[in-house]
Every structure is written in structure tokens, then in C-alpha cells.
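Chain by chain, the residues run as shown.
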Amino acid sequence: MVLVLSVLLKHANVVDDPSKKSGYRLVGDVHFNEACKVAGWITPIPGGVGPMTVAMLLKNTLDGAKRAIQQ
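Now for a quick tour of the structure. Worth saying up front: this structure is predicted, and the values here are computed from it rather than measured.

### Comments concerning the overall build of the protein chain
In step 1: What the protein chain contains, in helices and strands, is 2 helices and 3 strands.
In step 2: Counting helices and strands in the order they occur from the N terminus, the protein chain gives β-β-α-β-α.
In step 3: The proportion of buried residues among the 71 residues of the protein chain is 14%.
In step 4: In the protein chain, once contacts between residues fewer than 6 apart in sequence are set aside, the share between residues at least 24 apart is 69%.
In step 5: Entry remark: accessible area of the protein chain is about 5,800 Å², with carbon and sulfur atoms responsible for 62%.

### Overview of the pattern of salt bridges
In step 1: Tallying each qualifying case throughout the model produces 1 salt bridge.
In step 2: Between Lys 59 and Asp 63 there is a salt bridge, with its nearest N and O atoms 2.8 Å apart. Placement of the pair is Lys 59 and Asp 63 together in helix H2 (residues 51-70), with a separation of 4 residues, close to one helical turn.
In step 3: Classification of Asp 63 as partly exposed rests on a relative accessible area of 24%.

How each quantity is defined
Residues numbered from 1 in each chain as written. Predicted model: local features only at pLDDT ≥ 70, side-chain atom pairs only at ≥ 80, totals over all residues. Heavy atoms only, no water. Helix = DSSP H or I, 4+ residues; strand = E, 2+ residues; numbered from the N terminus. Buried < 20%, exposed > 50% of the residue type's maximum accessible area, 1.4 Å probe, protein only. Contact = heavy atoms within 4.5 Å. Areas by Shrake-Rupley, 256 points an atom, 1.4 Å probe, with all protein chains shown as cover. Salt bridge = Lys/Arg side-chain N within 4 Å of Asp/Glu carboxyl O.

As C-alpha cells, this is what we get:
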């Protein structure tokens, strides 16, 4: 199932696509062919992301929420 389409991306976004194996191909949440037209950089991440990536994504989300509240 594709969750992220090109209409959800801004021009020149950086896109990491954590993927898992489905038979002989990698399947991620990003529609790769559409996202390539919009994204500045895109990369599949075979096997998904590790705990450090998850921790940094949560930290960045929290920092962004704090900035939004302060404005």
C-alpha cells in the first residue's frame, strides 16, 4: 500500500523510504516513480530504520511542536 504520493511533497524535499522485502522486490510507503519527479533526493532504506533514526525523528517532531507553540 502506498501512503505517500507526490502531491504530499514539496519541491526538493528529501525523502527516506523505509522498505521491506515483498518477494523479490522492496516495498515502501512512498510511490517512488511519482516522488522522483518532485523530491530533491530520495532513497529506499532496505529493512526499515533503526532505533537512532526513530529517536531523531521524534526529537525533531518535538522540537518543531515547541517552535510552533512559541510562535
